[in-house]
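Listed below, chain by chain, are the residues.
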Amino acid sequence: MAAYLIRRLVQSALILLGVSFITFFLLFVLPADPVRQIAGRSATPETVENIRQQLGLDKPFVVQYARYLGALVQGDMGRSYLQKTEVAELIWSRLPATLLLMAGAIFCELLLGLTMGIVGAVWRGRSVDQTLMITSFVTVSAPQFVVSLLLLYVFAVKLGWFPIGGYGTFAHLVLPAVTLGILGSGWYSRMMRSSMIDVLRADYIRTARAKGLTRGRIVLRHALPNAILPVIAMIGIDIGIFMGGIVVVESVFGWPGIGQLAWQAIQRVDIPIIMGVTLVSAIAIVLGNLLADIIAPFIDPRIKLR
């Protein structure tokens, strides 16, 4: 176990190094000039050049990247060009809202997706299965802003059950979490249905049926623990996606997450914030997948960590 964790951590460090290098290089060759955003349109060439030197943006790519890595190793993610605030502080201030939305969204995804997948597999080929699979296709294809605005109009404007937007109470969380749950449930339902169908064909399921066990006991006790393994890996990926922020949903519901911070930074070419959010997202994906791999043997003892 220890050797496995060490090996995975080394691999994760190399992945994060690659992500940081590629992101930094793409921002370096980007045609947009962050110095112009800072100085303003009326700034003189001397002022622009002075700002460029102060930020170290006049140095070659290798020098800039080496400086960034050196500061990052010491826990310094840099300082926002425009907000004049530490990037780590900005991300940390948005982290609670992002984690809360991520937890609510994943819960809704699993609740809807697993239920649809299990019902579709049990009643495979029947009308209920076809209806659920069409529904899952629609949810996967639906644009985020359409679902967001539809739920907002019906449940906040017309019915008045939830606030129109904001952050702070459970009522504020419901609509954005359900929106993301609906949008992501289609992937989980299709994956769960395929996995459950394969498991229900296994010999030990036939043995359980021959023993006279009820359908509910067979599905929940014997089939579900094995069929859910591919879903766990998807959750690890979703953690990284949500940690990177869901810009459209956050904007519609006024949710103060990392997504809005990243979008504002992209519009202003605020490189330190873009790098910080990218690395946080990459770390979340790596840790999410590592956690999924560690949990898998506890669900199915036949799986060994190697």
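This structure is a prediction, so every number in the text was calculated from the model and none was measured.

1. Digging into helix H5 (residues 87–122)
Taking 1.5 Å per residue, 36 residues should reach 52 Å; H5 reaches 49 Å between its end C-alpha atoms and fits that length. A bend of about 40 degrees at Leu95 is the largest found in H5, and the proline Pro96 appears one to four places after it.

2. Side note on a nonpolar patch on the surface
A contiguous nonpolar patch, built from Phe21, Ile22, Phe25, Leu26, Phe28 and Val29 and spanning about 550 Å² of accessible area, is present on the exposed surface. Here Phe25 shows up in helix H1 (residues 2–28). The exposure class assigned to Phe25 is partly exposed, which follows from its relative accessible area of 39%.

3. Section: the packing of aromatic side chains
Inspection of every chain in the model, using the stated rule, returns ten aromatic pairs. The rings of Phe21, Phe24, Phe25, Phe28, Phe61, Tyr65 and Tyr68 are connected pair by pair, giving a single aromatic cluster.

4. Focus on the packing of helix H9 (residues 203–210) against helix H10 (residues 215–227)
The N-to-C vectors of H9 and H10 enclose an angle of 175 degrees; their axes lie 11 Å apart at closest approach. Classified by the angle their axes make, H9 and H10 are roughly antiparallel. Judged by residue contacts, Tyr204, Ile205, Ala208 and Arg209 of H9 engage Ile218, His222, Ala223 and Asn226 from H10. Partitioned by chemical class, the residues of the contact of H9 with H10 number five nonpolar, two polar and one charged.

Reading guide: rules and limits
- Residues numbered from 1 in each chain as written.
- Predicted model: local features only at pLDDT ≥ 70, side-chain atom pairs only at ≥ 80, totals over all residues.
- Heavy atoms only, no water.
- Helix = DSSP H or I, 4+ residues; strand = E, 2+ residues; numbered from the N terminus.
- Expected span 1.5 Å × (residues − 1).
- Bend = angle between axes of the 7 residues up to and from the residue.
- Patch = residues over 30% accessible without salt bridge, like charges linked within 9 Å, V, L, I, M, F, W, Y side chains within 5 Å.
- Areas by Shrake-Rupley, 256 points an atom, 1.4 Å probe, with all protein chains shown as cover.
- Salt bridge = Lys/Arg side-chain N within 4 Å of Asp/Glu carboxyl O.
- Buried < 20%, exposed > 50% of the residue type's maximum accessible area, 1.4 Å probe, protein only.
- Phe/Tyr/Trp six-rings, centres within 6.5 Å; stacked < 30°, edge-to-face > 60°.
- Axes fitted to C-alpha atoms, helices over the stretch in contact; angles between N-to-C directions.
- Parallel < 35°, antiparallel > 145°, perpendicular 65-115°, else oblique.
- Contact = heavy atoms within 4.5 Å.
- Nonpolar A, V, L, I, M, F, W, Y, C, P; charged D, E, K, R; others polar.

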